[in-house]
Amino acid sequence: MPASLTLLLFFYCLAIACFSLAGGLLPNWVRMTHTRTQLVMSAVSGLMLGVAFYHLLPHSIALQPAPRAADTSVWWLMIGLIVMLLLLRMFHFHQHDFSSEEGRHHDHPHDHDQPAAHSLSWLGVALGLALHTLIDGVALGAVMLGEIEGGEAAGLAGVGVFLAILLHKPLDAMSITTIMEAGGWGRGARAATNLVFAVMCPLGALLFFFGVDLFADSRNMIVAAALAFSAGAFICIALSDLLPEVHFHSHDRAKLTLAFLLGIVLAYGIGALEPASVHTAHY
């Protein structure tokens, strides 16, 4: 594997781990207002959708053998979407409103249904997010391998997936530490959990990136399937989890919509930073 690509992946993993750690500590440093959280969620939703459709899915189709490349990738996309939806239903993670601003409960019709934090409520959230972040790691490892299979590893390979994960991890980490704090857990326990969560995504990326060679005969198919699966997971997170939370809020609709569209534009523009050949079928 190209040394430059390996170093880039290590840099991505380090940055994601640091951002995740910072997200878990952020409530101790900065007051995350309701509006700020909603704007971040809108932008990340647009970015994740754009990355899924402009980067992950085309990468997957380019790696699939003809003549049913698109059909195979779409099947894996649907599997990824369904798996992530089931995870969301089972563990009900991504509780992303960290503010206590007055009046916010009037904007969200489901707020009154939220149960009071239990001392062990964070376990379900942490387990769901751990599985989700491992899938994120697989997405990052797969897109980096996709650059190699595409025959060109110049430029900022995988930068779209990297940014989508990087900007999303702090929200996930805050979900865990906020619920733990509400359940009465001490600073030490929260810090240890935050650290473990921070290394989950890099672990998934590195295991997939270096472990896929164990299946040399099926390497291309595995990478293509992982890319499409990850695209489905990204689409599910954006459409069934992040965007519905934002949609319930009647205020700041113009700003939230603009943030969402900017996320999509950013995902599309990131293509200029990636190798030119990665979306070109080479079978």
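These figures come from a predicted structure and were not determined experimentally.

Draft legend 1. Spotlight on the packing of helix α2 (residues 34-63) against helix α5 (residues 159-182). Orientation of α2 relative to α5, taken along the N-to-C sense of each, is 150°, at an axis distance of 9 Å. When the axes of α2 and α5 are compared, the pair comes out roughly antiparallel. Seen along the crossing, α2 lies across α5 with a hand that is left-handed. Contacts between α2 and α5 involve Val40, Met41, Val44, Leu47, Met48, Val51 and Leu56 from the former and Gly160, Val161, Leu163, Ala164, Leu167, His168 and Leu171 from the latter.

Draft legend 2. The arrangement of the packing of α2 against helix α8 (residues 253-269) in detail. Closest axis-to-axis distance for the α2/α8 pair is 7 Å, and the angle between their directions is 30°. As α2 packs across α8, the resulting crossing turns out to be right-handed.

Draft legend 3. The arrangement of a nonpolar patch on the surface in detail. On the surface, a nonpolar cluster with roughly 470 Å² of combined accessible area is contributed by Val74, Met78, Ile82, Leu86 and Met90. Its place among the elements puts Met90 in helix α3 (residues 69-91). By relative accessible area, Met90 is classed as exposed at 61%.

Draft legend 4. View of the packing of aromatic side chains. One pass over the full model with this rule turns up 6 aromatic pairs. Ring geometry for Phe11 and Tyr12: centres 6.2 Å apart, planes at 50°, overall tilted. By the ring-pair criterion, three or more aromatic residues cluster together here, those being Phe10, Phe209 and Phe210.

Conventions we followed
- In this numbering scheme, every chain counts its residues from 1 along its sequence in written order.
- Given that the model is predicted, a residue must reach a pLDDT of at least 70 before its local features are reported, and side-chain atom pairs must reach 80 or more before they are shown or counted; all residues, however, enter totals for whole chains, interfaces and linings.
- Computation of side-chain values covers all heavy atoms of the structure but excludes hydrogens and water.
- Working convention: axes come from line fits to C-alpha atoms, limited for helices to the stretch in contact. Angles between N-to-C directions cover 0 to 180 degrees.
- A run of H or I in DSSP counts as a helix once it spans at least four residues, and a run of E counts as a strand once it spans at least two, with each numbered from the N terminus.
- An angle below 35 degrees is treated as roughly parallel, one above 145 as roughly antiparallel, one from 65 to 115 as roughly perpendicular, and anything else as oblique.
- Rotating anticlockwise by less than a right angle from the far helix to the near helix defines a left-handed crossing, while the corresponding clockwise rotation defines a right-handed one.
- Note on definitions: a residue-residue contact is assigned when non-hydrogen atoms from the two residues lie within 4.5 Å.
- Distance thresholds for patches are 9 Å for like charges and 5 Å for nonpolar side chains (Val, Leu, Ile, Met, Phe, Trp, Tyr), applied to residues having over 30% relative accessible area and no salt bridge.
- Here, Shrake-Rupley sampling with a 1.4 Å probe gives the accessible areas, and only protein chains in the shown set may cover a residue.
- By convention in these notes, a salt bridge is any Lys or Arg side-chain nitrogen within 4 Å of a carboxyl oxygen on Asp or Glu.
- For each residue, the accessible area found with a 1.4 Å probe, counting protein chains only, is set against the maximum for its type, and the residue is called buried under 20%, exposed over 50%, and partly exposed in between.
- Pairing of aromatic rings covers Phe, Tyr and the six-membered ring of Trp, with a centre-to-centre limit of 6.5 Å; geometry is then stacked below 30 degrees between planes, edge-to-face above 60, and tilted otherwise.

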